[in-house]
Number of protein chains: 2
Amino acid sequence: MNDVARTAGVSLKTVSRVVNGEPSVTPDLAARVRAAVESLDYRPHLGASMLRRNDRRTRMIGVLLEDVANPFSGALHRAIEDAARDRGVHVLTGSLDEDEQRERDLARAFRQRQTDGLIVAPAGSDQSYLSRFTGTPIVFVDRPPSGFGADTVVSTNVAGAAGAVRHLVAHGHRRIAFLGDYQRRATARERFRGYLQALGHRPGPVVHDVRGEVAAERATLALLRRADAPTALFTGQNLITIGAVRALQRIGLHQSIALVGFDDFPLADLLDPPVTVVAQHPARMGRAAADALFERIDGHNGPPREIRVATTLIPRGSGEIRIAPAR
Amino acid sequence: MNDVARTAGVSLKTVSRVVNGEPSVTPDLAARVRAAVESLDYRPHLGASMLRRNDRRTRMIGVLLEDVANPFSGALHRAIEDAARDRGVHVLTGSLDEDEQRERDLARAFRQRQTDGLIVAPAGSDQSYLSRFTGTPIVFVDRPPSGFGADTVVSTNVAGAAGAVRHLVAHGHRRIAFLGDYQRRATARERFRGYLQALGHRPGPVVHDVRGEVAAERATLALLRRADAPTALFTGQNLITIGAVRALQRIGLHQSIALVGFDDFPLADLLDPPVTVVAQHPARMGRAAADALFERIDGHNGPPREIRVATTLIPRGSGEIRIAPAR
DNA sequence: CTACTCCAAGACAACGTTGTCTCTCGATGT
DNA sequence: ACATCGAGAGACAACGTTGTCTTGGAGTAG
């Protein structure tokens with residue numbers, strides 16, 4: 001800035017004024033300064049600027065997701081980015097991969113960088129460490145936190161799951177199996193709750209803690225070999241649904257066993273049969289989370305809110321297979 | 001820091017020493033300081049620290065992608081994040097949506113934030129504005145820049161496309177259609193070049209500037225209605241492939257018209273028939289781009305490099321449909 | 001017992017900005 | 001012609017930290 005001032009033949013402060021667009025500079029001086037800035041490729045030192053201004057805002061938020069490479073996280077991320085863009089805010093991201101330690105490390109690191117706020121899809125089962133993060137607003141998305149209260153945006157897991165199972169019941173099914181993710185995940189528990197709710201006291205076979213496509217395929221095959229094999233499947237998560245589809249295709253039952261999956265996935269409509277799902281709306285969730293966060297950043301100070309984003313049942317074929325008349 | 005010093009009964013500088021882990025502090029003093037830091041929730045002001053240290057490193061890089069919500073960008077992003085994590089560097093991301101203006105704006109904004117480097121999947125057709133970005137290393141990924149030279153990581157588009165088309169030829173096809181993305185995109189041009197290369201002087205019907213699934217479906221239907229309808233399709237991009245699959249299924253030709261798509265996509269193996277593709281390797285590309293960037297950040301100063309990541313032909317079924325004996 | 005060495009801890013300045021105060025100079029009104 | 005006013009421009013200090021130099025006191029050798 002000194003160099004610019006010297007080149008333009010003005011004082012340091014005048015350069016500062018021009019750079020910050022303050023009005024009280026005569027046009028020709030301003031032009032000279034701008035030319036000098038240009039020719040010297042001067043760029044202000046943000047650190048110094050923030051220091052002097054005592055500006056606590058970095059106009060940057062941190063977002064902790066399960067894995068930026070998976071479609072659900074990607075959609076969340078994109079929606080958050082769009083909301084941030086509207087406010088001239090940039091986004092730092094990190095993938096947690098279900099790793100509790102990484103969640104804590106990244107949260108700390110982002111806070112250290114003075115991000116104005118944090119949006120977290122928690123990986124760990126305990127977020128109480130966040131209670132020391134005073135002054136940094138936090139919003140949770142996709143999964144509720146535990147041990148710490150803050151705004152939370154989640155799908156209507158119970159209602160969505162119950163709706164899916166009722167849909168199967170409406171098509172004549174009585175033995176409806178549940179295949180779910182790790183029970184330590186709150187979403188898995190909620191979806192199971194919805195399943196139970198819809199079936200009352202007569203649930204079908206249940207498999208918990210299924211993790212990943214391959215495990216899901218195996219679990220599905222095992223289920224269908226049982227004497228009391230179900231006539232319909234309700235799968236509690238993306239990859240489980242896909243694993244189930246693979247299993248059904250493999251043993252040629254894809255046209256006779258009904259299937260509804262929780263969470264939509266690309267090309268579900270191109271499979272044979274097209275897969276009926278309870279779609280979540282990650283874009284809406286991301287937008288809602290970002291809106292809530294920015295409200296907090298702007299000083300809103302109420303008690304923690306829970307924002308539920310409704311799911312949508314999308315009938316595509318696999319969920320409308322009626323129970324086989326005889327068996 | 002002053003408060004901490006007072007609380008611990010030491011001088012400012014000693015606190016600084018403890019915070020920065022300098023060895024020359026007696027253990028009990030250090031303990032007192034740490035306790036004070038804890039109780040006051042003191043966190044150093046990064047801006048001030050950078051200012052004094054004259055540290056130009058923010059340990060932050062910027063990544064400009066087409067759209068963080070699409071799987072290809074997501075995989076790139078993830079690989080870059082992992083490479084960055086190994087070095088304790090964080091990642092700022094932005095989605096460009098093919099918008100030239102946004103590319104320039106975000107590049108400038110990230111540079112303004114003093115990111116240590118930039119990885120760009122260019123949206124615009126001219127990157128010459130970057131030549132003014134002295135001091136900020138830049139690496140391009142997925143698409144080569146124009147008007148500006150820097151390290152670039154791209155797929156072997158020509159060879160990959162040629163291989164795909166030769167694969168179809170090997171299965172007896174002679175009238176092989178090409179459906180490609182906007183020609184202004186370098187990748188589209190290269191893939192077309194590969195197609196021509198494989199077919200010599202007898203190319204089949206060609207449709208350029210197909211954008212998106214719906215347009216691709218329409219274009220495919222139109223192609224197949226022609227008198228000289230092709231017996232095989234080569235599609236130059238993800239969404240075009242999917243559109244083509246839809247079209248083929250719709251008119252019931254999915255078992256008789258061969259198809260090879262450029263770029264893999266999730267569930268391609270679950271479709272009917274499973275779709276043969278030329279897979280790109282976004283994870284490798286992201287890793288290579290990040291490695292190149294960090295080399296530059298660490299001072300490497302050679303001429304711009306072009307890093308080509310080989311594609312892989314994955315035969316799954318749709319590309320192995322032989323030409324119908326009579327027609 | 002003195003003189004020297006060494007090391008922990010403190011004092012001070014400086015990093016690049018900007019808020020605030022002050023100064024200068026030209027314009028205006030009487 | 002003189003007093004008053006206002007606006008544009010500069011001088012100066014301060015933001016929170018750390019590099020460098022200085023100080024003080026304990027330890028050690030002669």
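Residues numbered from 1 in each chain as written. Chains lettered and ligands numbered in written order. Predicted model: local features only at pLDDT ≥ 70, side-chain atom pairs only at ≥ 80, totals over all residues. Heavy atoms only, no water.

*Asks:* Help me understand the protein's contact with DNA strand C, please; the structure alone is not making it clear to me.
*Replies:* Taken together, 25 residues surround DNA strand C, and among them Lys 13 and Ser 16 of chain A together with Thr 14, Arg 17 and Thr 26 of chain B come closest. Near the protein, within 4 Å, the atoms of DNA strand C are sugar or phosphate in 56% of cases. At 3.0 Å, a backbone N or O of Ser 11 of chain B approaches a phosphate oxygen of DNA strand C. In this structure, Arg 17 of chain B approaches DNA strand C through a side-chain N or O atom, which is 2.5 Å from a base nitrogen. Listing elements by their share of the surface near DNA strand C, those giving two or more residues are helix H2 (12-19) and helix H4 (46-53) of chain A together with helix H2 (12-19) and helix H4 (46-53) of chain B. Considering each element in turn, the surface near DNA strand C owes the most residues, 5 residues, to H4 of chain A. (Near = heavy atom within 4 Å. Polar contact = N/O pair within 3.5 Å; in protein donor to acceptor, adjacent residues only side chain to side chain. Helix = DSSP H or I, 4+ residues; strand = E, 2+ residues; numbered from the N terminus.)

*Asks:* Would you explain the packing of aromatic side chains in this entry?
*Replies:* Each pair of aromatic rings is reported with the distance of its centres and the angle of its planes. Residue and element names in this part refer to chain A. As enumerated under the stated definition, the model contains 12 aromatic pairs over all chains in all. Site record: aromatic cluster; members linked through ring pairs are Phe 178, Phe 192, Tyr 195 and Phe 234. Lying across the ring of Tyr 129, Arg 104 places its NZ or CZ 5.9 Å from the centre. When the ring centre of Phe 133 is taken as origin, the NZ or CZ atom of Arg 111, which lies over that ring, is 4.7 Å away. (Phe/Tyr/Trp six-rings, centres within 6.5 Å; stacked < 30°, edge-to-face > 60°. Lys NZ or Arg CZ within 6 Å of the ring centre and 35° of its normal.)

*Asks:* Can you walk me through unusual backbone geometry in this structure?
*Replies:* Trans peptide bonds make up most of the peptide bonds, and negative phi angles are found at most residues other than glycine. Residues and elements named next belong to chain A. For the bond from Asp 272 to Pro 273, the omega torsion is -5°, close enough to zero to count as cis. Looking at the secondary structure, you find Pro 273 in the loop between strand E9 (258-262) and strand E10 (276-279). Unusually for a residue other than glycine, Gln 114 sits at a positive phi of about 60°. For Gln 114, a relative accessible area of 14% puts it in the buried group. (Buried < 20%, exposed > 50% of the residue type's maximum accessible area, 1.4 Å probe, protein only.)

*Asks:* Can you walk me through the packing of helix H9 (residues 212-225) of chain A against helix H10 (residues 238-250) of chain A in this structure?
*Replies:* When two helices pack together, you describe them by how their axes are tilted relative to each other and by the distance separating the axes. All names here are of chain A. One can describe the packing of H9 onto H10 by two numbers: an axis separation of 7 Å at closest approach and a directional angle of 50°. As far as their axial angle goes, H10 and H9 are oblique. In this structure, the crossing between H9 and H10 has a hand that is right-handed. Together, Gly 212, Glu 213, Ala 216, Glu 217, Thr 220, Leu 221 and Leu 224 of H9 and Leu 239, Ile 240, Ile 242, Gly 243, Ala 244, Arg 246, Ala 247, Leu 248 and Arg 250 of H10 make up the contact between the two elements. (Axes fitted to C-alpha atoms, helices over the stretch in contact; angles between N-to-C directions. Parallel < 35°, antiparallel > 145°, perpendicular 65-115°, else oblique. Left-handed = near helix turned anticlockwise from the far one by under 90°. Contact = heavy atoms within 4.5 Å.)

*Asks:* Can you walk me through the packing of helix H5 (residues 71-86) of chain A against helix H11 (residues 282-297) of chain A in this structure?
*Replies:* Residue and element names in this part refer to chain A. Taken N-terminus to C-terminus, the directions of H5 and H11 make an angle of 40°; their axes are 7 Å apart at the nearest point. Viewed along their axes, H5 and H11 adopt a mutual orientation that is oblique. As for how H5 packs across H11, the hand of that crossing is right-handed. When H5 is examined against H11, the residues Phe 72, Ala 75, Leu 76, Ala 79, Ile 80, Asp 82, Ala 83, Ala 84 and Asp 86 are found in contact with a partner set consisting of Pro 282, Ala 283, Met 285, Gly 286, Arg 287, Ala 290 and Phe 294. Along the lines of polarity and charge, the residues of the contact of H5 with H11 split into 12 nonpolar, 1 polar and 3 charged. (Nonpolar A, V, L, I, M, F, W, Y, C, P; charged D, E, K, R; others polar.)

*Asks:* Looking at this model, I keep getting lost on the pairing of strand E2 (residues 90-95) of chain B. Mind explaining?
*Replies:* The two faces of a sheet get side chains in turn, since along a regular strand they alternate between them. The buried fraction of E2 of chain B amounts to 6 of the 6 residues, a majority that puts the element mostly inside the structure. Across 3 bridges, strand E2 (residues 90-95) of chain A lies against E2 of chain B in antiparallel orientation. Each residue of the ladder has a partner; that of Val 91 of chain A, found in E2 of chain B, is Thr 93 of chain B. The pairing of strand E1 (residues 60-65) of chain B with E2 of chain B spans 6 bridges and is classified as parallel. Note that in E2 of chain B the partner of Met 60 of chain B across the bridge is His 90 of chain B. (Pairing = 2+ DSSP bridges.)

*Asks:* Please explain the pattern of salt bridges as it appears in this structure.
*Replies:* Here the idea is simple: oppositely charged side chains can pair when their charged atoms come close. Applying the stated criterion to the full structure yields 61 salt bridges over all chains. A salt bridge links Asp 41 of chain A to Arg 111 of chain B, with the nearest nitrogen and oxygen atoms 3.3 Å apart. One end of the pair, Asp 41 of chain A, is in the loop between helix H3 (27-40) and H4; the other, Arg 111 of chain B, is in helix H6 (residues 100-112), on a second chain. The class of Arg 111 of chain B is buried, set by a relative accessible area of 4%. The partner of Arg 85 of chain B in a salt bridge is Glu 81 of chain B, and the shortest N-O contact between them spans 3.5 Å. Placement of both Arg 85 of chain B and Glu 81 of chain B in helix H5 (residues 71-86) is noted, with a separation of 4 residues, approximately one turn of the helix. In this structure Arg 85 of chain B comes out as partly exposed when scored by relative accessible area, which is 28%. Judged by relative accessible area, which is 4%, Glu 81 of chain B ranks as buried. (Salt bridge = Lys/Arg side-chain N within 4 Å of Asp/Glu carboxyl O.)

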